Amino acid sequence: MRHARVVVPHRAPDRPPIRLARGDAVHLGDRDTDWPEFVWTTIAEGHEGWVPAKLFDREQGPATALEDYDTRELDTQADEVVTLQYELAGWWWARNALGHQGWIPARSLELLDDDDGEDA
């Protein structure tokens, strides 16, 4: 497992996270100007959030999810150390010391170790 120190605090948006399952029908809107790999996504229940565009079979309009995805973000504080699970579109899925999990922007983190599996 990789670990990172939070160098810029992160706060989750003030909207409920959305979850997608492979095969879900969605509607895709505009790309994010700050995070161009993300597209505004509306799920069947009407909830909305940013999702990596590569997880869909089209670029805009009606689309189908190609993978499961959860938009949950993790609130963090400066100097907090988190465990990193995997990276997608410039964000890391991470777990904090309390066991809470969610996405954190990679640009908010300083990697503390590598995951190459080689012994020194």
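Residues numbered from 1 in each chain as written. Predicted model: local features only at pLDDT ≥ 70, side-chain atom pairs only at ≥ 80, totals over all residues. Heavy atoms only, no water.

- If you check an unreviewed UniProt entry, the chain appears there as SH3 domain-containing protein from Lysobacter arvi.

### Some points on the layout of surface pockets
Part 1 of the reasoning: Estimates place the volume of the largest pocket at around 280 Å³.
Part 2 of the reasoning: Ranked by residues supplied to the lining of the largest pocket, first place goes to strand β5 (residues 48-52) with 3 residues.
Part 3 of the reasoning: Of the residues contributing to the lining of the largest pocket, the split by class is 11 nonpolar, 2 polar and 5 charged. (1 Å grid on protein atoms, 1.4 Å probe; cavity = no way out; pocket = protein on both sides within 12 Å on 5 of 7 lines; lining within 4 Å. Points joined across faces, edges and corners; volume = space filled by probe spheres on them. Helix = DSSP H or I, 4+ residues; strand = E, 2+ residues; numbered from the N terminus. Nonpolar A, V, L, I, M, F, W, Y, C, P; charged D, E, K, R; others polar.)

### Let's talk about the side chain of His10
Part 1 of the reasoning: Inspection of the secondary structure puts His10 in the loop between β1 (2-6) and β2 (19-20).
Part 2 of the reasoning: A distance of 2.5 Å separates a polar atom in the side chain of His10 from a polar atom in the side chain of Glu73.
Part 3 of the reasoning: His10 has contacts with Glu73, Leu74, Asp75, Thr76, Trp91, Trp103 and Pro105, leaving out every residue within four places of it along the chain. (Polar contact = N/O pair within 3.5 Å; in protein donor to acceptor, adjacent residues only side chain to side chain. Contact = heavy atoms within 4.5 Å.)

### Points about the packing of aromatic side chains
Part 1 of the reasoning: Inspection of the entire model under this criterion finds 7 aromatic pairs.
Part 2 of the reasoning: Both rings, one in Trp40 and one in Trp50, keep their centres 4.9 Å apart while their planes meet at 70 degrees; by these two values the pair is edge-to-face. In this pair, Trp40 is assigned in strand β4 (residues 38-43) and Trp50 in strand β5, connecting sequence segments 10 residues apart.
Part 3 of the reasoning: On the basis of relative accessibility, which here comes to 22%, the residue Trp40 falls in the partly exposed class.
Part 4 of the reasoning: Assessed through its relative accessible area of 28%, Trp50 is described here as partly exposed.
Part 5 of the reasoning: Plain terms: the ring middles of Trp93 and Trp103 are 5.3 Å apart, the flat faces sit at 75 degrees to each other, and that makes the pair edge-to-face. Separated by 10 residues along the polypeptide, Trp93 in strand β9 (residues 91-95) and Trp103 in strand β10 (residues 101-105) bring together distant segments of the chain. Each member of the pair, Trp93 as well as Trp103, carries the same accessibility label: buried.
Part 6 of the reasoning: Put simply, the rings of Tyr69, Tyr86, Trp93 and Trp103 pair up and form one aromatic cluster. (Phe/Tyr/Trp six-rings, centres within 6.5 Å; stacked < 30°, edge-to-face > 60°. Buried < 20%, exposed > 50% of the residue type's maximum accessible area, 1.4 Å probe, protein only.)

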